[in-house]
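# A structural walkthrough
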Amino acid sequence: MSPLQSLRTFLVSKPKWLKAALVFFVLLGLLYVLTDTNCLAEAILGVPCPGCGLTRATLALLRFDFTKAFQFHPLVLLAYLDIALVSIAVITGKLSKSSKNILIVSIILFIGVYIFRMITMYPDIAPMKPNPRSLLNQLMRLLK
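This section reports on the structure supplied with the text. (Residues numbered from 1 in each chain as written. Predicted model: local features only at pLDDT ≥ 70, side-chain atom pairs only at ≥ 80, totals over all residues. Heavy atoms only, no water.)

In this model, the largest pocket occupies a volume close to 230 Å³. Element by element, the count of residues in the lining of the largest pocket is highest for helix 4 (residues 54-62), at three residues. A class-by-class count of the residues in the lining of the largest pocket yields four nonpolar, five polar and two charged. (1 Å grid on protein atoms, 1.4 Å probe; cavity = no way out; pocket = protein on both sides within 12 Å on 5 of 7 lines; lining within 4 Å. Points joined across faces, edges and corners; volume = space filled by probe spheres on them. Helix = DSSP H or I, 4+ residues; strand = E, 2+ residues; numbered from the N terminus. Nonpolar A, V, L, I, M, F, W, Y, C, P; charged D, E, K, R; others polar.)

Written out as structure tokens, the structure reads:
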């Protein structure tokens, strides 16, 4: 059986969610190759998103380098609290009033920190640097 036939057999026999996940990760990989970033916002628009630095902050936390983690993103721990609250809400099917309030405050804080970082760090200090290889920047160069 050829590799193409094997792939076709694999795709036909698997559930839709697995096929969608496979397509998503292939597209994400292609986007990374084209734009040299794994952040969708940065890859498409060329500017960092409000969560920019969270992956690097998480890796720093895993190394117990808390100073570096908070330099990459000062709200890294709040992001994980938010993920836990949303996960609990999905599992239980309901969102408590206190969880809802925490999530609203989190959104406001993330937007505030994003604006502060864009004013004080963009475009010179990592992680708040523009991506010249973003799809939007590449499209603009083609249209010139």
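On we go from here.
On to the packing of aromatic side chains, then. Taken as a whole, this structure holds two aromatic pairs when the rule is applied. With centroids separated by 5.3 Å and ring planes inclined at 75°, the aromatic side chains of Phe24 and Phe25 adopt a geometry described as edge-to-face. The exposure class assigned to Phe24 is partly exposed, which follows from its relative accessible area of 41%. Centre to centre, the rings of Phe64 and Phe66 are 6.3 Å apart; their planes meet at 65°, and the pair counts as edge-to-face. (Phe/Tyr/Trp six-rings, centres within 6.5 Å; stacked < 30°, edge-to-face > 60°. Buried < 20%, exposed > 50% of the residue type's maximum accessible area, 1.4 Å probe, protein only.)

On to the packing of helix 6 (residues 76-92) against helix 7 (residues 97-120), then. What describes two packed helices is the angle between their axes and the distance between those same axes. Contact pair helix 6 / helix 7: the axes reach a minimum separation of 10 Å and the direction vectors enclose 145°. Taken as a pair, helix 6 and helix 7 cross one another with a handedness that is left-handed. Contacts between helix 6 and helix 7 involve Leu78, Ala79, Leu81, Asp82, Leu85 and Val86 from the first element and Ser99, Ile102, Leu103, Ser106, Leu109 and Phe110 from the second. By residue class, the composition of the contact of helix 6 with helix 7 is nine nonpolar, two polar and one charged. (Axes fitted to C-alpha atoms, helices over the stretch in contact; angles between N-to-C directions. Left-handed = near helix turned anticlockwise from the far one by under 90°. Contact = heavy atoms within 4.5 Å.)

Treat this as a map of the structure, not an account of what it does.
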